[in-house]
Amino acid sequence: MASGVAISDEVVRNYDLIRVRQAGTEAGERLKLLVMCLSKDQKSIIVDDANCLKVKDVGKTDVLKKILSKIPTDECRYALYDCSYVSKESVKEDLVFILSAPETASLKSKMVYASSKAALKAKMPGLKFEWQINEPTDRDVSCLVEKLGGKDTVKSLEGIPV
Amino acid sequence: MGAEQEINSGRSYYIDTTALHVPRAGVELISPLKNGMIEDWNAFQAIIDHIYSKHIKSEPSLHPVLMSEAPWNSRAKREKLTELIFEHYNIPAFFLCKTAVLTAFANGRATGLVLDSGATHTTAIPVHDGYVLQQGIVKSPLAGDFITMQCRELFQEMNIDTVPPYMIASKEPVREGAPPLWTKKDKLPPVTKSWHTYMCNEVIQDFQASVLQVSDSPYDEQVAAQMPTVHYEMPSGYSTDYGAERLRIPEGLFDPSNVKGLSGNTMLGVGHVVTTSIGMCDIDIRPGLYGSVIVTGGNTLLQGFTERLNRELSQKAPPSMRLKLIACNSSIERRFSSWIGGSILASLGTFQQMWISKQEYDEGGKQSVERKCP
C-alpha cells in the first residue's frame, strides 16, 4: 500500500551516481552518503543536498559517526549509505538503504515516510541491505553490523574491527 | 455498537453511545462484527446511515471513503463491502487498508510485528515492507472480554452484585464491606438479557481498567498477598479493597495454564502469540520483527502489560536477538492508531490518485479491490 508520493528524477540520477563507479571520477568526489527528504509541498521525494557527503568529506576516521550526524534526530529522512566493510572473504562496498523516522518527529511525517518507502525502493533496484532507525539506540554500529550479516560475516566496518 | 428492536414489519435500530444507554423494552444488543469481520450487513448499513445523517451530515456521494479492515478479512467480504459502497451509497472513491499496516506506518515503521489486543481477541500480525504476512498471523481469544468474564466470576465468588447505574435511583453511603443500600428506579421497562448484560459489563470494565494490574513476573501467591490494595466502589455503593485479585485475574492473559475451561493450553498466552507469529516468518526477517514489536489496542493499557510482555519476550526470544517494544503513551493513540494512520493517509495530496474511483469500479467490477488494495 503506497501513499502516491512521486520520486524526483534527481533522486534516480543520484542513485546511479552512488551505485556505479563512474569512469573518470576521482575517488574523493564519489558520493558516500545520499540523503533524501520530502519536498516542501509534500508531493515528491527530493535530494537533501545539505546533508549529502562525498568520500573526501568523510575521511578515514569516525566515518559512521560523521554519517549519522548528517541524519537529523528530530525529522524523518531516507538515506543511501555506501558502506565499506571487511567480510571473511574480501573487502566489500555495499549500499545500505536507511529509513530514519525518529519517535520525536511528527506523526504525519512518520506516516508519509513509512508509506512512501516502497515506492522509493522500487526506483532503486538491486538494494540488498536496509536499516530502520527509530530511536537513539538504533544509531549504533552494532545495529548496522547486524543488518550486514552479523558478527560472523563482518570483520571490520569502515576500518574499525567489530 | 448498535441496539435493535424486533417490530412486526421490520427492525429498527438504536445506534450510538447515548441512545444505547436508554433502557427500552424488547431491545437486544448486537454488534455487526464477528471475528473482526462484518457479519450482520443490515446492522452495518444502519450504522453507516446513522453516521452520514447524524455525524457527517452530508451526502455519501460527495466524499471518498477510506476504510480499515482486519488483516484476515476474506476476499468475499471485501468484494461485498466494495459493492455496497459503490452501488448503494454511490460513494465517489474508495480504499481499503489493513489495520496492522496503518498502525505500523503511524509509528514510522514499514516493518514490524503488530500486537493488537482489544476486546474480542489478541492478534500478532507481522508486517514487512508495508505488507501483511498472512501466514504469520496468530490469534488468541484471550483479550478484554475474557478479563471481563474472569472479573464476573470473581464478583460471583465474592457475592458482589454488579448493579448497573441505569437501575439505581439513589444510594446511601455504607461502611466498607457492608451490603449496599440502594433504591431501584421504578417504572423500568422490561429490558432484554443481552442489554442488561452489556450494562453490567460496562461496570466491570471500569473496574478492570482502574483496579487490575499485570504482575511483572509470573504470578506468585506470596508476592501477590503483599500487593498494595486498591479501593473500588460499585455504582450500588458497595465498596471494598482488592489485593491479590488485582494480579491474579490478568495473569490469565500471559499464563493461561490455570484458567478453567482452556485445558491448560499455554500456547494462547500473549508472549507465545508473539513468538509463534515471528517463528512462522522467514528467518531473515525475524530480527526486523523482534526489533519492532508495536503494541496497540485498548486491552494493552492494563497497568503493567507492556513491562510483562517485554520480560516474556526477552526470555522467549533467541538470546542474541535485539528486542524492542513500541507502545504509545497516549491512550487515544493506543486505541485508535489505525484510525489515525488512515486519516493521515486519506488526507495526503498524493494519495488522491490511489483511490478506486467510481469509474474504475464500473469498468473493473468489485474485483478491483483485490488489485488496488493489496
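Basis of the calculations
- Residues numbered from 1 in each chain as written.
- Chains lettered and ligands numbered in written order.
- Predicted model: local features only at pLDDT ≥ 70, side-chain atom pairs only at ≥ 80, totals over all residues.
- Heavy atoms only, no water.
- Helix = DSSP H or I, 4+ residues; strand = E, 2+ residues; numbered from the N terminus.
- Rg over C-alpha atoms; globule rule 2.2 N^0.38 Å.
- Buried < 20%, exposed > 50% of the residue type's maximum accessible area, 1.4 Å probe, protein only.
- Contact = heavy atoms within 4.5 Å.
- Areas by Shrake-Rupley, 256 points an atom, 1.4 Å probe, with all protein chains shown as cover.
- Lys, Arg positive; Asp, Glu negative; His and termini not counted.
- Charge placed at Lys NZ, Arg CZ, Asp CG, Glu CD.
- UniProt positions renumbered as here; feature names shortened; annotations may be inferred.
- Buried area = accessible area lost by both parts, 1.4 Å probe.
- Salt bridge = Lys/Arg side-chain N within 4 Å of Asp/Glu carboxyl O.
- Nonpolar A, V, L, I, M, F, W, Y, C, P; charged D, E, K, R; others polar.
- Axes fitted to C-alpha atoms, helices over the stretch in contact; angles between N-to-C directions.
- Parallel < 35°, antiparallel > 145°, perpendicular 65-115°, else oblique.

## Some points on the overall build of chain A
Move 1: The number of helices and strands found in chain A is five helices and nine strands.
Move 2: Its helices and strands taken in sequence order, chain A reads β-α-β-β-β-α-α-β-β-α-β-α-β-β from the N to the C terminus.
Move 3: Relative to the globule expectation of 15 Å for 162 residues, the C-alpha radius of gyration of chain A, 15 Å, shows essentially globular dimensions.
Move 4: The principal-axis extent of the C-alpha atoms belonging to chain A is close to 45 × 40 × 25 Å.
Move 5: Per-residue burial over chain A gives 52% buried out of 162 residues.
Move 6: Pairs at least 24 apart in sequence give 62% of the contacts found in chain A among residues at least 6 apart.
Move 7: Counting only carbon and sulfur atoms, one obtains 52% of the accessible surface of chain A, whose full area is about 7,700 Å².
Move 8: The distance from the centre of the 26 positive side-chain charges to the centre of the 24 negative ones in chain A is 2 Å.

## Considering the UniProt feature "domain: ADF-H" (unreviewed entry) in chain A
Move 1: Sequence positions flagged by UniProt for "domain: ADF-H" (unreviewed entry) are, in local numbering, residues 4-149 of chain A.
Move 2: Between the first and last C-alpha atoms of residues 4-149 of chain A the distance is 32 Å; the span itself is 32% helix and 29% strand.

## Concerning the environment of Thr 240 of chain B
Residues and elements named next belong to chain B.
Move 1: By the secondary structure assignment, Thr 240 is in strand β15 (residues 239-242).
Move 2: Here Thr 240 falls in the buried class, since its relative accessible area comes to 12%.
Move 3: Distance in space between the C-alpha atoms of Thr 240 and Glu 176 is 5.4 Å, their sequence separation being 64 residues.
Move 4: With residues near it in sequence (within four places) discarded, Thr 240 still touches Glu 176, Val 230, His 231 and Tyr 232.

## Here's the deal with the interface of chain A and chain B
Move 1: Listed per partner, the contact involves 27 residues of chain A and 30 residues of chain B.
Move 2: Buried surface at the junction of chain A and chain B, summed over both partners, amounts to about 2,400 Å²; 59% is from carbon and sulfur atoms.
Move 3: Put simply, chain A and chain B have six salt bridges between them.
Move 4: Residues Glu 103 of chain A and Arg 109 of chain B are paired through a salt bridge, measuring 3.3 Å at the closest nitrogen-oxygen approach.
Move 5: Those elements giving two or more residues to the side of chain A that touches chain B turn out to be α4 (107-122), β7 (129-133) and α5 (141-148) of chain A.
Move 6: Across the side of chain A that touches chain B, the residue classes break down as ten nonpolar, seven polar and ten charged.

## What about the packing of helix α5 (residues 144-157) of chain B against helix α6 (residues 193-211) of chain B?
Residues and elements named next belong to chain B.
Move 1: Running from amino to carboxyl end, α5 crosses α6 at an angle of 95°, the nearest separation of the two axes being 9 Å. Accordingly, the angle class assigned to the pair α5 and α6 is roughly perpendicular. Contacts between α5 and α6 involve Gly 144, Asp 145, Ile 147, Thr 148, Cys 151, Arg 152 and Phe 155 on the former and, on the latter, Thr 197, Cys 200, Asn 201, Ile 204, Gln 205, Phe 207 and Gln 208.
Move 2: Its residues assigned to classes, the contact of α5 with α6 shows six nonpolar, six polar and two charged.

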